[in-house]
Amino acid sequence: MSRRCELSGKAVLVGNLVSHSNRKTKTRFLPNLVNVTLQSEKLGRSVRLRITAHALRSVEHRGGLDAYLAKAADGELSLKARRLKKEIADLQAA
């Protein structure tokens, strides 16, 4: 399983740790991923996602999973999240 947020698209970054003596050591900066179960009001069911803590705060700020997916760009969403977004859009259109 990749270390990538399913909603925001945040992934592993690579960089250097620089000491006081200016020695560089390669390191990986991992995103703070958490497994959550979010409730979709329009679908009427819960959805399990692996997202960052920052994305979880954004979901709560925007008013839930449905509102977050409505505003999110397709390029940053995972395949699973894009399918959810399409399901919600189809239900809203009907």
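Okay, so let's go over this structure. Residue numbers here run from 1 along each chain, matching the order of that chain's written sequence. It should be noted that, the model being predicted, local features are given only for residues of pLDDT at least 70 and side-chain atom pairs only at 80 or more, the latter also being counted only at that level, while totals for whole chains, interfaces and linings use all residues. Where side-chain values are given, they derive from all heavy atoms of the structure, hydrogens and water being excluded.

**Focus on the overall build of the protein**
Working step 1: For helices the rule is a DSSP run of H or I covering at least 4 residues; for strands it is a run of E covering at least 2, with both sets numbered from the N terminus onward. Assigned secondary structure in the protein consists of three helices and four strands.
Working step 2: Traced from its N-terminal end to its C-terminal end, the protein shows the element sequence β-β-β-β-α-α-α.
Working step 3: Put simply, the radius of gyration uses C-alpha atoms, and a globule should come to 2.2 Å times the residue count raised to 0.38. Relative to a compact globule of 94 residues, whose C-alpha radius of gyration would be 12 Å, the protein shows 17 Å and is clearly more extended.
Working step 4: Overall, the protein is about 65 × 20 × 20 Å in size when its C-alpha atoms are taken along their principal axes.
Working step 5: Within the protein, the fraction of its 94 residues that count as buried is 31%.
Working step 6: On the protein, roughly 6,700 Å² of surface is accessible, and the fraction owed to carbon and sulfur atoms is 50%.
Working step 7: In the protein, 19 side chains carry a positive charge and 8 a negative one; their mean positions are 13 Å apart. The buried label applies to any residue whose accessible area, calculated with a 1.4 Å probe on protein chains only, is under 20% of its type's maximum; exposed applies above 50%, and partly exposed to all values in between. All accessible areas in this document rest on Shrake-Rupley with a 1.4 Å probe, and a residue is counted as covered only by the protein chains that are shown. Working convention for charge: Lys and Arg count positive, Asp and Glu count negative, and His plus the chain ends are omitted. Every charge is mapped to an atom, namely NZ of Lys, CZ of Arg, CG of Asp or CD of Glu.

**Observations regarding the pattern of salt bridges**
Working step 1: What makes a salt bridge here is a side-chain nitrogen of Lys or Arg within 4 Å of a carboxyl oxygen of Asp or Glu, nothing more. For the coordinates displayed, the defined rule picks out three salt bridges.
Working step 2: Between K86 and D90 there is a salt bridge, and its shortest N-O distance comes to 3.2 Å. Of this pair, K86 and D90 both sit in helix 3 (residues 79-93), separated by four residues, roughly a single helical turn.
Working step 3: On the basis of relative accessibility, which here comes to 42%, the residue D90 falls in the partly exposed class.

**Overview of the nonpolar core**
Working step 1: Residue types Ala, Val, Leu, Ile, Met, Phe, Trp, Tyr and Cys, when buried and joined through side-chain atoms within 4.5 Å, form a set referred to as a nonpolar core. L7, L38, L49, I51, L65 and L69 are the most contacted members of the largest nonpolar core, which has 19 residues in total.
Working step 2: What L38 contacts, discounting residues up to four positions off in sequence, is R45, S46, V47, L49, I51, L56, V59 and L65. Should any heavy atoms of two residues lie within 4.5 Å, those residues are counted as being in contact.

**Some remarks on the pairing of strand 3 (residues 33-40)**
Working step 1: Being paired, for any two strands, means DSSP has found at least two bridges between them. One ladder, built from eight bridges, connects strand 3 with strand 4 (residues 45-52); its direction is antiparallel. When the bridges of strand 4 are listed, L33 appears paired with T52.
Working step 2: The antiparallel pairing of strand 3 with strand 4 creates a hairpin that spans four residues between the two strands, and G44 there sits at a positive phi of about 75°.

Read these as spatial facts, not as claims about activity.
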